[in-house]
Amino acid sequence: MNEPRPIVVANFKAHKNWDEMESWIDQVGSSVRDFAGPVIICPSYPILASASSKLNPPTGGQNSKLKLGAQDISKFEEGPYTGEVSASQLAKICQYAIVGHSERRKYFAEGDGDVIQKVDLLLKSEITPILCVSDLKQLDAYVNEGKTVVDNAQKIIFVYEPPSAISKDRDYRPEDPQVADQNAAEISRIFNQNVLTLYGGSINPENIKAFLSKENIAGGLVGQACLDADTFLQLISKSA
Ligand code: PGA
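Described below are features of the structure shown in this document.

Basis of the calculations
Residues numbered from 1 in each chain as written. Predicted model: local features only at pLDDT ≥ 70, side-chain atom pairs only at ≥ 80, totals over all residues. Heavy atoms only, no water. Helix = DSSP H or I, 4+ residues; strand = E, 2+ residues; numbered from the N terminus. Buried < 20%, exposed > 50% of the residue type's maximum accessible area, 1.4 Å probe, protein only. Contact = heavy atoms within 4.5 Å. Areas by Shrake-Rupley, 256 points an atom, 1.4 Å probe, with all protein chains shown as cover. Lys, Arg positive; Asp, Glu negative; His and termini not counted. Charge placed at Lys NZ, Arg CZ, Asp CG, Glu CD. Polar contact = N/O pair within 3.5 Å; in protein donor to acceptor, adjacent residues only side chain to side chain. Core = buried A, V, L, I, M, F, W, Y, C linked by side-chain atoms within 4.5 Å. Expected span 1.5 Å × (residues − 1). Near = heavy atom within 4 Å. Nonpolar A, V, L, I, M, F, W, Y, C, P; charged D, E, K, R; others polar. Pairing = 2+ DSSP bridges. Axes fitted to C-alpha atoms, helices over the stretch in contact; angles between N-to-C directions. Parallel < 35°, antiparallel > 145°, perpendicular 65-115°, else oblique. Left-handed = near helix turned anticlockwise from the far one by under 90°.

What to know about the overall build of the protein
Working step 1: From N to C terminus, the protein includes ten helices and eight strands.
Working step 2: For the protein, the spread of C-alpha atoms along the principal axes amounts to about 45 × 45 × 35 Å.
Working step 3: Residue burial in the protein is summarised as follows: out of 240 residues, 50% are buried.
Working step 4: The long-range fraction of contacts in the protein, counting pairs at least 24 apart against all pairs at least 6 apart in sequence, stands at 78%.
Working step 5: For the protein, the accessible surface area stands at approximately 11,200 Å², while carbon and sulfur atoms represent 45% of it.
Working step 6: Each charge class in the protein was averaged separately, 24 positive and 31 negative side chains, and the resulting centres sit 2 Å apart.

Here it is, written out as structure tokens:
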């Protein structure tokens, strides 16, 4: 995949209403204009359409480095699935979508088969999947299933994110950057091709450089440290 690096993904989870998100975009948008890679912001669904109009006004956007991603999509293409949002519904709104996050697996009982279906639907809608890998054993399912993930690995952004490293109660507990780098390299080895892999879990302004300096880590998936715009801008300035 030919994305310029570093790639920074801001995962807002179930935080921020539209007013809060709008002022975050106002503060961060113009400051990341010269950032080398894309800064992909992933707010909740109700925010996405408004954020899309704000980032892509008909008069031409000023926030070109800010890109939009969803935090998840439905595993169904379309139909009577109350509460679901399909990939095709998001196609004109965002260019990326996170799938397979360990919080989806933990709280919503999602499995490897669900994740594979979601990747397939995203690719059909030309949305880039940001595929979280919380345990390298999950890759067995993708390799054995044979087609969707392996054949399209160059169209996917992978994220190595061990659940134990995800911040908890505002406490950062990151993976050792060396171990993260080895695991990112292992993802390419298992797929037998060089794939783009980010690291996620407790990234903050103090540790981002240590992860981005690693050969196999192309960027970061950021949760807690994206919520406050000042903290996020510090993180961005340390990533340059
Ligand atoms: P964290 O979350 O940066 O708060 O650890 C990252 C994520 O779960 O995507």
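Past the structure itself, the notes keep going.
What about the side chain of asparagine 183?
Working step 1: Here asparagine 183 lies in helix α8 (residues 177–191).
Working step 2: At 3.2 Å, the side chain of asparagine 183 and the side chain of tyrosine 160 are in polar contact.
Working step 3: Aside from chain neighbours lying at most four places away, what touches asparagine 183 is Leu136 and Tyr160.

As for the nonpolar core
In globular proteins that are soluble, nonpolar side chains generally tend to be buried together.
Working step 1: Formed by 63 residues in total, the largest nonpolar core has its most connected members in Trp24, Ile41, Leu131, Val149, Phe158, Ile187 and Phe232.
Working step 2: By residue number, the principal contributor to this core is helix α5 (residues 112–124), which donates six residues.
Working step 3: Setting aside chain neighbours within four positions, we find isoleucine 41 in contact with Ala10, Phe12, Met21, Trp24, Ile25, Leu55, Leu66, Lys67, Leu68 and Gly69.
Working step 4: Counting residues in each nonpolar core, the second largest holds 14 residues, with Cys42, Tyr96, Ile130 and Ala218 among its members.

So, α5
Working step 1: The end-to-end C-alpha distance of α5, which contains 13 residues, comes to 19 Å, matching closely the 18 Å that a straight helix rising 1.5 Å per residue would cover.
Working step 2: Within α5, burial applies to Asp114, Val115, Ile116, Lys118, Val119, Leu121, Leu122 and Leu123.
Working step 3: For α5, the secondary structure elements touched by its buried residues are α3 (87–90), β4 (96–99), α4 (102–108), β5 (128–133), α6 (138–145) and α7 (148–151).
Working step 4: Phi for glutamate 126, located one or two positions after α5, is positive at around 60°.

Observations concerning the site of the ligand
Working step 1: Near the ligand the following residues occur: Asn11, Lys13, His101, Glu161, Ile166, Ser167, Gly201, Ser202, Leu221, Val222, Gly223 and Gln224.
Working step 2: Note that an oxygen atom of the ligand is positioned 2.6 Å from one of the side-chain N or O atoms of serine 167.
Working step 3: Of the residues contributing to the shell around the ligand, the split by class is three nonpolar, seven polar and two charged.

Overview of the sheet that holds strand β3 (residues 66–70)
Working step 1: One closed barrel holds the eight strands; their spatial order is β1-β2-β3-β4-β5-β6-β7-β8, and the pairing between them is parallel. Neighbouring strand axes in the sheet, compared pairwise and without regard to direction, differ in orientation by 30° on average.
Working step 2: Bridging between strand β1 (residues 7–11) and strand β2 (residues 39–42) involves four bridges; their strand directions are parallel. Across the sheet, asparagine 11 pairs through a bridge with cysteine 42, a residue of β2.
Working step 3: Together, β2 and β3 form the strand contacts of helix α2 (residues 45–55), whose direction differs from that of β3 by roughly 155°.
Working step 4: Of the strands in this sheet, β1, β2 and β8 (219–222) touch helix α10 (residues 229–239), which is tilted by about 165° from β1.

Re the environment of alanine 70
Working step 1: Along the chain, alanine 70 turns up in strand β3.
Working step 2: Under the relative-accessibility criterion, alanine 70 is labelled buried at 0%.
Working step 3: C-alpha separation for the pair alanine 70 and valine 119, spaced 49 residues apart in sequence, amounts to 13 Å.
Working step 4: The contact partners of alanine 70, leaving out residues within four places of it in the chain, are Cys42, Tyr45, Leu48, Leu90, Cys94, Tyr96, Ala97 and Ile98.

Things to note about the packing of helix α1 (residues 18–29) against α10
Working step 1: Running from amino to carboxyl end, α1 crosses α10 at an angle of 30°, the nearest separation of the two axes being 10 Å. Regarding the angle of α1 to α10, the classification is roughly parallel. The hand of the α1/α10 crossing is right-handed. Counted together, Trp24, Gln27 and Val28 of α1 and Ala229, Asp230, Phe232 and Leu233 of α10 form the full contact between these two elements.
Working step 2: For the contact of α1 with α10, the per-class residue count stands at five nonpolar, one polar and one charged.

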